[in-house]
Amino acid sequence: MSLSQIVLSSGRRVRLTELRMSSTYGGMLEGYPNKRVNDWKIGWHKERAEREFSSTPVFLVPPVLEYPDTAPGRFGPVEALPAVTCVGVFDSAPLDPAMDGSSLVVVWFQPLPQVPAGEDADAGLRGIRWEELARDYEL
(Lines give C-alpha, C1' and ligand atoms only; values in the text may rest on other atoms or scores of the structure.)
Protein backbone atom coordinates (compact mmCIF):
# COMPACT_ATOMS: atom_id res chain seq x y z
CA MET A 1 0.00 0.00 0.00
CA SER A 2 1.33 3.43 -0.83
CA LEU A 3 0.87 6.56 1.27
CA SER A 4 0.67 8.75 -1.82
CA GLN A 5 1.75 9.07 -5.42
CA ILE A 6 3.84 11.80 -6.97
CA VAL A 7 4.21 12.63 -10.63
CA LEU A 8 7.81 13.59 -11.32
CA SER A 9 8.67 16.33 -13.83
CA SER A 10 9.72 13.53 -16.20
CA GLY A 11 6.16 12.16 -16.08
CA ARG A 12 7.11 9.05 -14.10
CA ARG A 13 4.73 8.12 -11.28
CA VAL A 14 6.37 7.13 -8.01
CA ARG A 15 4.71 5.76 -4.88
CA LEU A 16 5.63 6.87 -1.38
CA THR A 17 5.69 3.67 0.69
CA GLU A 18 7.30 4.91 3.92
CA LEU A 19 7.62 8.39 5.39
CA ARG A 20 9.47 9.62 8.47
CA MET A 21 9.01 13.22 9.60
CA SER A 22 10.72 15.12 12.37
CA SER A 23 11.10 18.69 13.53
CA THR A 24 14.22 20.07 11.87
CA TYR A 25 15.35 21.97 14.94
CA GLY A 26 13.62 19.82 17.58
CA GLY A 27 15.86 19.32 20.59
CA MET A 28 18.10 22.29 19.79
CA LEU A 29 18.66 23.65 23.28
CA GLU A 30 20.93 26.57 22.57
CA GLY A 31 22.27 28.56 19.67
CA TYR A 32 20.37 29.33 16.51
CA PRO A 33 20.12 27.97 12.95
CA ASN A 34 23.30 28.75 11.03
CA LYS A 35 25.40 27.22 8.26
CA ARG A 36 27.44 24.98 10.58
CA VAL A 37 24.35 23.60 12.36
CA ASN A 38 22.52 23.09 9.07
CA ASP A 39 25.45 21.33 7.37
CA TRP A 40 25.65 18.97 10.36
CA LYS A 41 21.87 18.28 10.36
CA ILE A 42 21.74 17.68 6.61
CA GLY A 43 24.74 15.33 6.70
CA TRP A 44 23.44 13.47 9.76
CA HIS A 45 20.02 12.78 8.21
CA LYS A 46 21.54 11.65 4.90
CA GLU A 47 24.08 9.36 6.61
CA ARG A 48 21.40 7.90 8.87
CA ALA A 49 19.21 7.11 5.85
CA GLU A 50 22.19 5.48 4.10
CA ARG A 51 22.79 3.27 7.15
CA GLU A 52 19.14 2.34 7.66
CA PHE A 53 18.40 1.68 3.98
CA SER A 54 21.80 0.30 2.97
CA SER A 55 20.49 -1.66 -0.04
CA THR A 56 18.76 1.34 -1.62
CA PRO A 57 20.37 4.51 -2.98
CA VAL A 58 19.74 7.71 -1.00
CA PHE A 59 19.26 11.13 -2.57
CA LEU A 60 19.19 14.49 -0.78
CA VAL A 61 16.96 17.16 -2.33
CA PRO A 62 18.94 20.39 -1.89
CA PRO A 63 17.05 22.37 0.76
CA VAL A 64 15.74 25.88 0.25
CA LEU A 65 17.34 28.04 2.93
CA GLU A 66 15.88 31.16 4.47
CA TYR A 67 17.94 34.10 5.65
CA PRO A 68 15.79 36.09 8.07
CA ASP A 69 16.57 39.76 8.48
CA THR A 70 18.19 39.20 11.87
CA ALA A 71 21.51 40.48 13.11
CA PRO A 72 24.22 37.80 12.94
CA GLY A 73 25.14 36.19 16.24
CA ARG A 74 28.47 34.84 17.32
CA PHE A 75 28.06 31.82 15.00
CA GLY A 76 27.50 33.96 11.91
CA PRO A 77 24.34 34.83 9.98
CA VAL A 78 21.03 33.14 10.70
CA GLU A 79 20.35 30.48 8.07
CA ALA A 80 17.18 28.42 8.47
CA LEU A 81 16.13 25.13 6.94
CA PRO A 82 12.41 24.40 6.47
CA ALA A 83 10.72 23.26 9.69
CA VAL A 84 10.15 19.58 8.82
CA THR A 85 12.79 17.00 7.91
CA CYS A 86 11.49 14.10 5.80
CA VAL A 87 12.91 10.73 4.83
CA GLY A 88 10.79 8.83 2.34
CA VAL A 89 11.04 5.50 0.56
CA PHE A 90 9.75 5.71 -3.00
CA ASP A 91 8.94 2.88 -5.40
CA SER A 92 8.17 2.87 -9.12
CA ALA A 93 8.10 0.77 -12.26
CA PRO A 94 11.43 -0.87 -13.08
CA LEU A 95 14.10 0.87 -15.14
CA ASP A 96 14.91 -2.48 -16.78
CA PRO A 97 11.75 -4.33 -17.90
CA ALA A 98 13.31 -7.64 -16.76
CA MET A 99 13.21 -6.42 -13.13
CA ASP A 100 10.23 -6.08 -10.77
CA GLY A 101 10.50 -2.42 -9.71
CA SER A 102 12.82 0.42 -8.79
CA SER A 103 13.28 2.30 -5.54
CA LEU A 104 14.97 5.32 -4.03
CA VAL A 105 15.20 6.79 -0.54
CA VAL A 106 14.88 10.57 -0.49
CA VAL A 107 15.79 13.06 2.24
CA TRP A 108 14.16 16.49 1.96
CA PHE A 109 13.00 19.45 4.01
CA GLN A 110 9.56 21.07 3.81
CA PRO A 111 7.73 23.85 5.67
CA LEU A 112 4.70 21.85 6.88
CA PRO A 113 4.11 18.30 8.18
CA GLN A 114 2.06 17.06 5.24
CA VAL A 115 2.36 14.04 2.97
CA PRO A 116 3.48 15.12 -0.51
CA ALA A 117 1.09 14.04 -3.24
CA GLY A 118 0.32 14.36 -6.93
CA GLU A 119 1.56 17.09 -9.16
CA ASP A 120 1.35 19.59 -6.28
CA ALA A 121 4.30 18.02 -4.44
CA ASP A 122 7.37 20.16 -3.75
CA ALA A 123 9.27 21.11 -6.92
CA GLY A 124 12.49 19.63 -5.51
CA LEU A 125 10.81 16.26 -5.05
CA ARG A 126 9.16 16.38 -8.45
CA GLY A 127 12.50 17.18 -10.08
CA ILE A 128 14.19 13.95 -8.94
CA ARG A 129 16.06 12.34 -11.84
CA TRP A 130 14.69 8.85 -11.14
CA GLU A 131 16.36 7.13 -14.08
CA GLU A 132 19.81 8.27 -12.85
CA LEU A 133 19.31 7.79 -9.11
CA ALA A 134 16.98 4.84 -8.46
CA ARG A 135 17.96 1.18 -8.39
CA ASP A 136 16.02 -1.78 -9.74
CA TYR A 137 15.13 -4.73 -7.54
CA GLU A 138 13.74 -8.25 -7.89
CA LEU A 139 11.07 -9.71 -5.65
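Residue numbers run consecutively from 1 along every chain, following the written order of its sequence. Under the rules for a predicted model, residues below a pLDDT of 70 receive no local features and side-chain atom pairs below 80 are neither given nor counted, while totals for whole chains, interfaces and linings still include all residues. Excluding hydrogens and water, the side-chain figures rest on all heavy atoms present in the structure.

1. A closer look at the side chain of His45
Turning to step 1, where the next piece is worked out: Looking at the secondary structure, you find His45 in helix H1 (residues 35-52).
Turning to step 2, where the next piece is worked out: In this analysis, two residues are considered to be in contact whenever any of their non-hydrogen atoms come within 4.5 Å of each other. When near neighbours in sequence (up to four residues on either side) are disregarded, His45 contacts Ser22, Thr85 and Val107. In this description a helix means any DSSP run of H or I spanning at least four residues, a strand means any run of E spanning at least two, and both kinds are numbered starting from the N terminus.

2. Some thoughts on the packing of aromatic side chains
Turning to step 1, where the next piece is worked out: Any two of the Phe, Tyr and Trp rings considered here, Trp counted by its six-membered ring, make a pair once their centres fall within 6.5 Å; the pair's planes then place it as stacked at under 30 degrees, edge-to-face at over 60, or tilted in between. Tallying each qualifying case throughout the model produces 2 aromatic pairs.
Turning to step 2, where the next piece is worked out: For the pair Trp40 and Trp44, a centre-to-centre distance of 6.3 Å together with 25 degrees between the ring planes defines the contact as stacked. In this pair, Trp40 and Trp44 both sit in helix H1, 4 residues apart, roughly one turn of the helix.
Turning to step 3, where the next piece is worked out: Trp40 gets classed as exposed once you look at its relative accessible area, which sits at 55%. Here the term buried applies to any residue with accessible area under 20% of the maximum for its type, exposed to any over 50%, and partly exposed to those in between, with areas from a 1.4 Å probe on protein chains only.

3. Regarding the pattern of salt bridges
Turning to step 1, where the next piece is worked out: A side-chain nitrogen of Lys or Arg and a carboxyl oxygen of Asp or Glu constitute a salt bridge if their distance falls within 4 Å. One pass over the full model with this rule turns up 8 salt bridges.
Turning to step 2, where the next piece is worked out: The partner of Arg12 in a salt bridge is Glu131, and the shortest N-O contact between them spans 2.9 Å. Taken together, the residues Arg12 in the loop between strand S1 (4-7) and strand S2 (13-23) and Glu131 in helix H3 (residues 130-133) connect sequence positions 119 residues apart.
Turning to step 3, where the next piece is worked out: Given the relative accessible area of 16%, Arg12 is considered buried.
Turning to step 4, where the next piece is worked out: Residue class for Glu131 comes out partly exposed when judged on its relative accessible area of 44%.
Turning to step 5, where the next piece is worked out: Between Glu50 and Lys46 there is a salt bridge whose closest N-O contact spans 2.6 Å. Here Glu50 pairs with Lys46, and both are found in helix H1, just 4 residues apart, close to one helical turn.
Turning to step 6, where the next piece is worked out: Judged by its relative accessible area of 25%, Lys46 is partly exposed.

4. Here we look at the nonpolar core
Generally speaking, nonpolar side chains in soluble globular proteins are found buried as a group.
Turning to step 1, where the next piece is worked out: Ranked by internal contacts, the top residues of the largest apolar core, which has 17 residues, are Phe90, Val106, Leu125, Ile128 and Trp130.
Turning to step 2, where the next piece is worked out: When contributions to this core are tallied by element, the ones reaching two or more residues are S2, strand S4 (84-92) and strand S5 (101-110).
Turning to step 3, where the next piece is worked out: Discounting chain neighbours no more than four positions away, the residues touching Ile128 are Leu8, Phe59, Leu104, Val106 and Leu133. In these notes, a set of buried Ala, Val, Leu, Ile, Met, Phe, Trp, Tyr and Cys residues joined through side-chain atoms within 4.5 Å is what counts as a nonpolar core.

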